[in-house]
Amino acid sequence: MGGGSADSVPRIGRARLGEGGCFLETTGVEANAVPRVGPASEASRMNVGVAHSEVNPNTRVMNSRGIWLAYIVLVGLLHVVLLSIPFFSIPVVWTLTNVIHNLAMYVFLHTVKGTPFETPDQGKARLLTHWEQMDYGLQFTSSRKFLSISPIVLYLLASFYTKYDAAHFFINTASLLSVLLPKLPQFHGVRLFGINKY
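Keep in mind it's a predicted model, so treat the numbers as computed, not measured.

Re the UniProt feature "transmembrane region" (unreviewed entry) in the protein chain
Using the residue numbers shown here, the UniProt feature "transmembrane region" (unreviewed entry) corresponds to residues 68-94. Along residues 68-94 the backbone is 78% helical and 0% strand, and the end-to-end C-alpha distance reaches 21 Å.

This is the structure we're talking about:
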């Protein structure tokens, strides 16, 4: 490896910025040599820290930074918009918030299959719903717990603010069950009566 001084060789684990930006020269690297940092050619440059490494980004989207806060803010915004409609009473607004939230959750998590973008997974996710793809199918992860608890909390709030009126209670309970039952591990990959099979 020659008699170069220690100052001319960059340390392992450090990157230097060359004239061409944040690129690392990868040509001519020996197995035990430290990579050289210098002007990179088009064929040998890599974008560092730009692209994600997930084969299917649907598996990790609910673990992204701020996604839970955005989810809560959107539900709150839906509720405020419904409250601003003058002819809706408070119980009707809470029931509508619960039903619209659960309907959207059912459609986006338990009905739509595949991914919204092309993935290099050879079509493995095309027959899976978003819920089945989330966290690679592992049960009881933090994002799955959050998405299971949030409709329950909304149901409890709706039941309280409707003063447990029988009609509202029936609608809210049916809405909760329609979105909570598909989340159970026993229903992972199950298509009742062949609905949404393909």
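Read on, since the account is not over.
Description of the side chain of T129
With respect to the helices, strands and loops of the structure, T129 is situated in the loop between α2 (90-111) and α3 (130-133). When its relative accessible area of 4% is taken as the criterion, T129 is described as buried. There is a polar contact of 3.5 Å between the side chain of T129 and the backbone oxygen of L109.

Description of the nonpolar core
Counting nine residues, the largest nonpolar core is built from M62, Y71, M105, L109, W131, M134, F146, L147 and V179. Counting residues per element, the ones that place at least two in this core are α2 and α4 (142-161). Setting aside anything within four residues of it in sequence, one finds W131 in contact with L109, H110, R144, L147, S148, P182 and K183.

Some details on the environment of S178
Mapped onto the elements, S178 comes out in helix α5 (residues 166-180). As a C-alpha pair, S178 and L103 span 75 residues in sequence and 8.6 Å in three-dimensional space.

Some remarks on helix α1 (residues 67-83)
For α1, spanning 17 residues, the distance from its first C-alpha to its last is 24 Å, which sits close to the expected 24 Å at 1.5 Å a residue. Listing the buried residues of α1 in full gives Y71, V75, H79 and L82. One face of α1 carries all of its buried residues, which in axial projection span an arc of 75°. When the buried face of α1 is taken as reference, the exposed residues oriented beyond 90 degrees from it are L69 and V80. Tucked into the core, α1 has its buried residues touching α2 and α4.

Side note on unusual backbone geometry
Of note in the backbone geometry, K163 takes a positive phi value of approximately 55° without being a glycine. Relative to the assigned elements, K163 resides in the loop between α4 and α5. At Y164, a position not held by glycine, the phi torsion is positive, near 55°. Turning to its location among the elements, Y164 is positioned in the loop between α4 and α5.

Things to note about the environment of V153
The topology assignment puts V153 in helix α4. Separated by 55 residues in the primary sequence, V153 and N98 place their C-alpha atoms 9.8 Å from one another.

Notes on a nonpolar patch on the surface
On the surface, L83, I90, I149, V153, L157, F160, Y161, Y164 and F169 cluster together to form a nonpolar patch covering roughly 840 Å² of accessible area. Among the elements that make up the nonpolar patch, the one with the highest residue count is α4 (five residues). Take L83: it is sitting in helix α1.

Comments concerning the side chain of N172
Here N172 is to be found in helix α5. N172 sits in the buried class, given a relative accessible area of 0%. Those residues in contact with N172 that sit more than four places away from it in its chain are T95, N98, V99, Y155, A158, S159 and T162.

Conventions adopted
Residues numbered from 1 in each chain as written. Predicted model: local features only at pLDDT ≥ 70, side-chain atom pairs only at ≥ 80, totals over all residues. Heavy atoms only, no water. UniProt positions renumbered as here; feature names shortened; annotations may be inferred. Helix = DSSP H or I, 4+ residues; strand = E, 2+ residues; numbered from the N terminus. Buried < 20%, exposed > 50% of the residue type's maximum accessible area, 1.4 Å probe, protein only. Polar contact = N/O pair within 3.5 Å; in protein donor to acceptor, adjacent residues only side chain to side chain. Core = buried A, V, L, I, M, F, W, Y, C linked by side-chain atoms within 4.5 Å. Contact = heavy atoms within 4.5 Å. Expected span 1.5 Å × (residues − 1). Arc of directions from axis to C-beta. Patch = residues over 30% accessible without salt bridge, like charges linked within 9 Å, V, L, I, M, F, W, Y side chains within 5 Å. Areas by Shrake-Rupley, 256 points an atom, 1.4 Å probe, with all protein chains shown as cover. Salt bridge = Lys/Arg side-chain N within 4 Å of Asp/Glu carboxyl O.

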